[in-house]
Each structure stands twice: as C-alpha cells, then as structure tokens.
Amino acid sequence: MSNGGTSSAAQQEKKTVEDNEARNSVSWTCAACTFIHTGESKCNYLVCELCGSERAEGPSSCPKRPDSRAATSSTTSITRNNESNKNQSALIAPPSSPWGCLRAPSQKDIAGPRKRRKGLEEPPPMMDYIIVLDFEWTADNRRRMEPIAEITQFPSVALRLLEGGRDVEQKLDDECSCNIPIPHDLRSPPQRPSRRDAWCISIFDSFVKPTLNPVLTQFSIELTAITQDMVDTAPTIDQVIVKYMKWLRGIGLVDNDGNRIGNWTFATWGDVDLMSTLRLELQHKSIGLPPCFDRWINLKDDSMFKRHFGHEPRGGLRACVESVGASWEGRAHNGLVDSINTAKIVRCMVQTGFRFTRSTRGLDKDGLPFGLKKRNGEKTRVMQKGRDEN
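Quick caveat, the model's predicted, so the values are computed rather than measured.

## A look at the overall build of the chain
Logical step 1: On a plain count of helices and strands, the chain comes out with 10 helices and 12 strands.
Logical step 2: Every one of the 390 residues in the chain was classed for burial, and the buried ones make up 41%.
Logical step 3: In the chain, once contacts between residues fewer than 6 apart in sequence are set aside, the share between residues at least 24 apart is 70%.

## Describing the nonpolar core
Logical step 1: Core analysis: the biggest nonpolar cluster contains 36 residues, and Phe154, Tyr244, Leu248 and Phe266 have the highest contact counts within it.
Logical step 2: Those elements that place two or more of their residues in this core are β3 (129–133), β6 (156–163), β7 (196–204), α6 (237–251), β8 (264–268) and α7 (272–284).
Logical step 3: Tallying contributions element by element places α6 first for this core, with eight residues.
Logical step 4: Apart from residues lying up to four places away in sequence, Phe266 is in contact with Ile131, Leu133, Tyr244, Leu248, Leu274, Cys292, Phe293, Arg295, Trp296 and Ile297.

## What to know about the sheet that holds β6
Logical step 1: Taken together, six strands build an open sheet; the order of strands is β7-β6-β3-β8-β9-β10 and the sheet is mixed. Where the open sheet ends on each side, the last strands, each with one partner, are β7 and β10 (361–362).
Logical step 2: The sheet strands contacting α6 are β3, β6, β7 and β8, and the helix crosses β7 at an angle near 140 degrees.
Logical step 3: Sheet strands touched by α7: β3, β8, β9 (295–298) and β10. Its angle to β8, the strand with the most contacts, is close to 85 degrees.

## Let's talk about the environment of Arg260
Logical step 1: In this structure, Arg260 sits in the loop between α6 and β8.
Logical step 2: A residue is classified by how much of its surface remains accessible, and Arg260, at 18% relative accessible area, is buried.
Logical step 3: Separated by 32 residues in the primary sequence, Arg260 and Cys292 place their C-alpha atoms 5.1 Å from one another.
Logical step 4: Setting aside residues up to four positions removed in sequence, Arg260 forms contacts with Leu253, Val254, Thr265, Cys292, Asp294 and Arg295.
Logical step 5: Of the polar contacts made by the side chain of Arg260, one reaches the side chain of Asp294; its length is 3.0 Å.

## Thoughts on the packing of helix α8 (residues 302–309) against helix α10 (residues 335–351)
Logical step 1: Where α8 contacts α10, the axes come no closer than 11 Å and their chain directions differ by 55 degrees. Regarding the angle of α8 to α10, the classification is oblique. Between α8 and α10 lies a crossing whose hand is left-handed. Here α8 contributes Met304, Phe305, His308 and Phe309 to the contact with α10, which in turn contributes Ile345, Cys348 and Met349.
Logical step 2: Among the residues making up the contact of α8 with α10, the classes are represented as six nonpolar, one polar and no charged.

## Re the packing of aromatic side chains
Logical step 1: This structure, assessed with the given rule, holds 12 aromatic pairs.
Logical step 2: Ring plane angle 85 degrees and centroid distance 5.9 Å describe the contact between Trp269 and Phe305, whose orientation is recorded as edge-to-face. Highlighted residues: Trp269 in the loop between β8 and α7 and Phe305 in helix α8, separated in sequence by 36 residues. Comparing Trp269 with Phe305 shows no difference in burial state: the two are buried.
Logical step 3: An aromatic cluster is present here, built from Phe135, Phe154, Phe204, Tyr244, Trp247, Trp264, Phe266 and Phe293 joined pairwise through their rings.
Logical step 4: Between Arg260 and the ring centre of Trp264, over which it is positioned, the NZ or CZ distance is 4.9 Å.

## Thoughts on unusual backbone geometry
Logical step 1: In this chain, Glu146 is followed by Pro147 through a cis amide linkage whose omega measures 0 degrees.
Logical step 2: Mapped onto the fold, Pro147 is located in the loop between β4 (136–137) and β5 (151–153).
Logical step 3: In this model, Arg142 sits at a positive phi of 60 degrees, which is unusual for a non-glycine residue.
Logical step 4: Checked against the element boundaries, Arg142 lands in the loop between β4 and β5.

## Topic: the pattern of salt bridges
Logical step 1: Inspection of every chain in the model, using the stated rule, returns 14 salt bridges.
Logical step 2: Salt-bridge contacts for Asp271 lead to Arg361; the nearest nitrogen and oxygen are separated by 3.6 Å. Taken together, the residues span a long stretch of sequence, with Asp271 in the loop between β8 and α7 and Arg361 in strand β10 at a distance of 90 residues.
Logical step 3: According to the relative accessible area criterion, Asp271 is buried, its value standing at 9%.
Logical step 4: In the salt-bridge network here, residues are joined through shared partners; they are Glu150, Glu281 and Lys285.

## Points about the pairing of β6
Logical step 1: Among the eight residues in β6, eight count as buried, and that is most of the element.
Logical step 2: Inspection of the sheet shows β3 paired to β6 by five bridges, in the antiparallel sense. Following the sheet pairing, Leu133 is matched in β6 by Ser156.
Logical step 3: Note that β6 and β7 share eight bridges and pair antiparallel. Pairing of Glu163 across the sheet is with Arg196, part of β7.

## A word on helix α9 (residues 316–323)
Logical step 1: Taken together, the buried positions of α9 are Leu317, Cys320 and Val321. All buried residues of α9 fall inside an arc of 100 degrees around its axis, so they share one side.
Logical step 2: Lining the buried residues of α9 we find α8 and α10.

About the cut-offs
- Residues numbered from 1 in each chain as written.
- Predicted model: local features only at pLDDT ≥ 70, side-chain atom pairs only at ≥ 80, totals over all residues.
- Heavy atoms only, no water.
- Helix = DSSP H or I, 4+ residues; strand = E, 2+ residues; numbered from the N terminus.
- Buried < 20%, exposed > 50% of the residue type's maximum accessible area, 1.4 Å probe, protein only.
- Contact = heavy atoms within 4.5 Å.
- Core = buried A, V, L, I, M, F, W, Y, C linked by side-chain atoms within 4.5 Å.
- Pairing = 2+ DSSP bridges.
- Axes fitted to C-alpha atoms, helices over the stretch in contact; angles between N-to-C directions.
- Polar contact = N/O pair within 3.5 Å; in protein donor to acceptor, adjacent residues only side chain to side chain.
- Parallel < 35°, antiparallel > 145°, perpendicular 65-115°, else oblique.
- Left-handed = near helix turned anticlockwise from the far one by under 90°.
- Nonpolar A, V, L, I, M, F, W, Y, C, P; charged D, E, K, R; others polar.
- Phe/Tyr/Trp six-rings, centres within 6.5 Å; stacked < 30°, edge-to-face > 60°.
- Lys NZ or Arg CZ within 6 Å of the ring centre and 35° of its normal.
- Salt bridge = Lys/Arg side-chain N within 4 Å of Asp/Glu carboxyl O.
- Arc of directions from axis to C-beta.

Encoded structure:
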C-alpha cells in the first residue's frame, strides 16, 4: 500500500515537471530585437515586451508543446483569445517610432532647463560710456533730516569705454566742456588701447542750495567740508538738473527730453544716491526725474567688485580704491573727490578684463525701485542708508 502511494506521488511529480517544461517550451522571437518570449502566457503577446515592436507573425506561430494534451489546451486557449486580441491590438501596439518602447524626447528635453548662450555666439557688447557720480547731501549726527535729505553737491565723471580695434575719437560739444582738470591716472591713453580701457572725457560739478533745510548742520559741514557760503550762492536742485542734462547732451548721451541715447549707464558706490536721495528729493519737490536715471550700476554689488577682484568691498571707498592698486587723491566725502576715485575703480576693472554690459538696479514704469514691497496699496519708502557707505 505504501509502495503504491509512493509510486503514485512520483508519477504526479514527474507529470508536473513535464507540464512545466512543456509550458516553457512555447516561445516566439522578436524580429526587431531578437528577444525570446518564453512561456504559454507570452505566446499571446502582439508586441515585444522589450522594445515595443509589433509582432510580425500571429500567436499561432508559437511551436506546439510536446504534450499533445497541453498543446491542444494551449491551441484552444489561443484560438479563444484570437478574437479579443484582434480587437485590442490597436490599443496594445504602439505607433511606429525609432525610439521603440522609449519616450521620444520633447522640445523641453532638447532645450534643457534654461537657455544658455552658445559658445560661438557673439557676447553682449560692452557699454560705451559710464557716468560715475557720488552726491553729498544734508545730514545730521544720529538724527534723520525731515522731511527729506537734500543734495548739496552734484558731481559726475564721464568715462569712455573702449575695446581694442574700435574707434577712439571723441568729439564733445561746448555744453559739456569743463574747467576741472582731469586727474593724470584717468586721462586718455597716448595710443589706441590694445585690449580694453576706460578714461575720463569730461567732469561735471555743482554745489546745490537746499531749500527745505537751508542752514547746514555742523555735522554736515565737518563731514563734507561744504560750507554755508558754498550752498547759499549755489543754484537750486531744479536749476542744477537743467545744467546737468545740457552736459549729458553735449556728450551725446541724451535727447532733448532726457531719454538715453546709446549704450551707457550711471555707476555709483551703493544704491542710495539714485534709488533714494535724488529720486525722493525730486519727488517731494514735484520735479520730474529725467528718464535717463531709470537704471544704474552699483559697483558694490556682488556681481561687480566682488566677482572681479575676489573679495568683499569693505573698509570704505578709500580702502577699496587702494586695494585694487589705484592711488587715492583728495579729501573723502567730497562728492567730486569720491566720484573721481570711484572712476579709478571702474577703469581698473576694465583694464583688467571686466566687461560692463548691464545695469544692476533700476526703476519701474512708475519711477519706483524694482523689488520694493507694497504696504497699504503703495510702495514703501526706501530708508536712506548711513554715511558709512561712502
């Protein structure tokens, strides 16, 4: 009885092994990638599970299993499913594509995460002029000037920027002529620059009479060396703006309406001169801000001084001028002196390979600085920075 049971179990196990071998013997090969699909379940596939190519022959092309009973069962199953497979073949079979089962790349994939300038494309042009300015204004020790601070000195240094091989001739109108001597280390080179250079072509300077706080504080006099007599005999800010625009027109940088002509911008040692002081004074006195003041370069921005020289612009303007190898001349906190020494930094940057191609800050269509948050429906007023910026 036990021998019979053992024999029966062995026969059953042998039959199971034969059935498994018979099922695995059913196979078909993809004509595109030569992948072999083995097993009874894969005999019904109409596309290759590896590359997605449509099967060239029908399911009946699979070789029959050696076991006639299993083969009959498989054939019956294939025949039974033929009708449904034909109806589903349009859904299963992917469209013909050289990418097979892979998704074809989209335009976004080809373009990449962002557009980058190609190596063979021409770089953006360097600016032709930079107007360096550094205002002085009314101030008091640890007390805010109310209602606003007013400019007491309005200087500027016009620099011509050139790259090797370009024309160096510069013709100026009589309106931009000045009696201020150009410092030796800002004068034009004796011959055409071999690579890049920047030099002074004209200087503008005017004291300005304050009208809201006409009497200067002792702190302001000691800081800037601008005396009460200097501002009492000076023109007011609206008159200085008219003279200043004539000076810019003489260089050919603005039209009669104050719109910028050509590729140029202002440069300052910090944002406070144009973003706060000039803008807020003209706004308070209902004087129109000329359109050319809509953008400028802050030389203390990380993309300027730090990027080029590799260190932070710390220690004040004089320390930064001397750190780049230029010589400081004059008294600090005099607007013209600060403008001239700031221009030396610009020239040093150009001579050592920096290309000024864009501004770092500007005003929007409403004449307000970019990036200011709104409060109660109106943009917040920019707080004036301390005098340590200079």
